[in-house]
Amino acid sequence: MKLSQQQSSTFLETREKKAAYALNQPVIYPVDGYKLLNELSIGGFGCVYKAIQMKTNKLVAIKYSKENMEKEFKIMNQLQNCQGVPQAYYFGQLNNTYYIIMEFLNEDMLTILTRLKYFSIKTIIFVAIKVIQALSEIHKSGIRHRDIKPQNLMTKYSDSNIYLIDFGISLFQNDSQPDKYVDGTILYDPRIVHRRQEYRFIDDIEMTGYCLVELFKGQLPWQKYIGGRESRIMQMKQEFLDAKSINQFPIYPIFQFVLQNQNNDIPDHNILINKLRKMLQSYNIIEDYIYDWSCNELITTHQFKPRTISFQSQKSNFQDEKQDLNIASEGKIQFVNDQSYKFMK
Ligand SMILES: Nc1ncnc2c1ncn2[C@@H]1O[C@H](COP(=O)(O)OP(=O)(O)O)[C@@H](O)[C@H]1O
Ligand SMILES: [Mg+2]
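Residues numbered from 1 in each chain as written. Chains lettered and ligands numbered in written order. Predicted model: local features only at pLDDT ≥ 70, side-chain atom pairs only at ≥ 80, totals over all residues. Heavy atoms only, no water.

If you look the protein chain up in an unreviewed UniProt entry, it shows as Casein kinase I from Paramecium pentaurelia.

J.: Can you help me understand the pairing of strand β2 (residues 46–53) in this one?
T.: Looking along a regular strand, one sees side chains alternate from face to face of the sheet. Across the eight residues of β2, seven count as buried, placing the element largely inside the fold. The pairing of strand β1 (residues 34–42) with β2 spans seven bridges and is antiparallel. Each residue of the ladder has a partner; that of Y34, found in β2, is Q53. Hairpin connection from β1 to β2: three residues lie between these consecutive antiparallel strands. With eight bridges connecting them, β2 and strand β3 (residues 58–65) associate as antiparallel partners. Looking at β3, one finds that A51 is bridged to V60. The hairpin turn running from β2 into β3, its antiparallel successor, is four residues long, and N57 in that turn takes a positive phi close to 65°. (Buried < 20%, exposed > 50% of the residue type's maximum accessible area, 1.4 Å probe, protein only. Helix = DSSP H or I, 4+ residues; strand = E, 2+ residues; numbered from the N terminus. Pairing = 2+ DSSP bridges.)

J.: How should the packing of aromatic side chains be read in this particular structure?
T.: Pairs of aromatic rings are described using the distance from one ring centre to the other and the angle between the two planes. Using the criterion set out here, one finds 16 aromatic pairs in the structure. A ring pair is formed by F91 and Y98, whose centres lie 6.2 Å apart and whose planes are at 10°; its orientation type is stacked. Owing to a relative accessible area of 15%, Y98 belongs among the buried residues under this scheme. Taken together, Y210, F216, W222, F240, F249 and F255 form an aromatic cluster joined through their ring pairs. Against the face of Y289 rests K130, its NZ or CZ located 4.3 Å from the ring centre. When the ring centre of F201 is taken as reference, the NZ or CZ atom of R144 above it lies at 5.9 Å. (Phe/Tyr/Trp six-rings, centres within 6.5 Å; stacked < 30°, edge-to-face > 60°. Lys NZ or Arg CZ within 6 Å of the ring centre and 35° of its normal.)

J.: What is the right way to read the site of ligand 1 from this model?
T.: Every one of the 15 residues lining ligand 1 counts as a neighbour, but K63, E103, D108, Q151 and D166 are closest to it. At a separation of 2.8 Å, an oxygen atom of ligand 1 approaches a polar side-chain atom of K63. Separating an oxygen atom of ligand 1 from a side-chain N or O atom of D108 is a distance of 2.7 Å. The fraction of the free accessible surface of ligand 1 (550 Å²) that becomes covered by protein chains is 85%. Breaking the shell around ligand 1 down by element, the ones donating at least two residues are β1, β3 and β5 (97–103). (Near = heavy atom within 4 Å. Polar contact = N/O pair within 3.5 Å; in protein donor to acceptor, adjacent residues only side chain to side chain. Areas by Shrake-Rupley, 256 points an atom, 1.4 Å probe, with all protein chains shown as cover.)

So, in structure tokens, the structure goes:
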């Protein structure tokens, strides 16, 4: 596939090209046979465009970067038959711009969270099951994702799967963790990354757990310490996992599973999926995969029994910060409606 030089010169003016370089952004070249529609995202090293394949009218996403994304494409290719991994169609390069053409997906979880503020119990368990199912297949192919965060979890309206994207720092089976510490994901990093130890399969599940807490509560207990000492964030994660009240979370089986599988093996994801299914049953939730964002009318007709649960956790080492640690403190959980609950002091 060739990029059209003629199109590219008209597409981006010289002045804009210079600005793009200044921002460490790649120059965006339209790809032959595709029409660029709009920018979906702009990140530190690249950006993603929505485009349409003119011959077939099929929507695609084109990820551009100044970094060579060949390994990312190879990993996606290896995972083509896995549930929850988008189709990767083509990897190419023009001058200093590399690009991957892939299946177009709909919304990432951060965008949805910004709109909804938090996810319901039902949706959070559905998302948990779908991400663990995707990780099950990814791990069986020998890949550790290493960058699980709400921006990298996406929906596709035509099916109920949750898609994992961005295999930019993922590792093949025999890859060892590069020396360079990747700190773009400190909010979600598993404790092993804070300790600078070798990243394992189970650590993808720990990252998933932190993501789900954010999606469920609207934010993480250590959110406001970003930019502060990393050791404090790590300690807060440990306190969070040790807190007795953690078992009030609908996705508690994830943390229990993480704590019980602290080794290098590929864990048995089915055990975890079954436990999450049991959680659904305990809440009388039918496994229909109707998410908060997919159908509002049905959500309100779901039967609801109001209740409040008291909880008490282990003491926080950071007494002065205890108020911010919603989870690692004592109080009550009030079920606001059948879809959500809030912590009360
Ligand atoms: N296949 C896709 N379909 C639709 N949007 C996408 C797709 N891939 C990525 N995006 C959007 O672009 C953002 C950045 O993509 P990502 O691959 O994570 O790049 P980065 O390495 O810059 O984080 C995502 O958070 C998502 O909003
Ligand atoms: Mg990303």
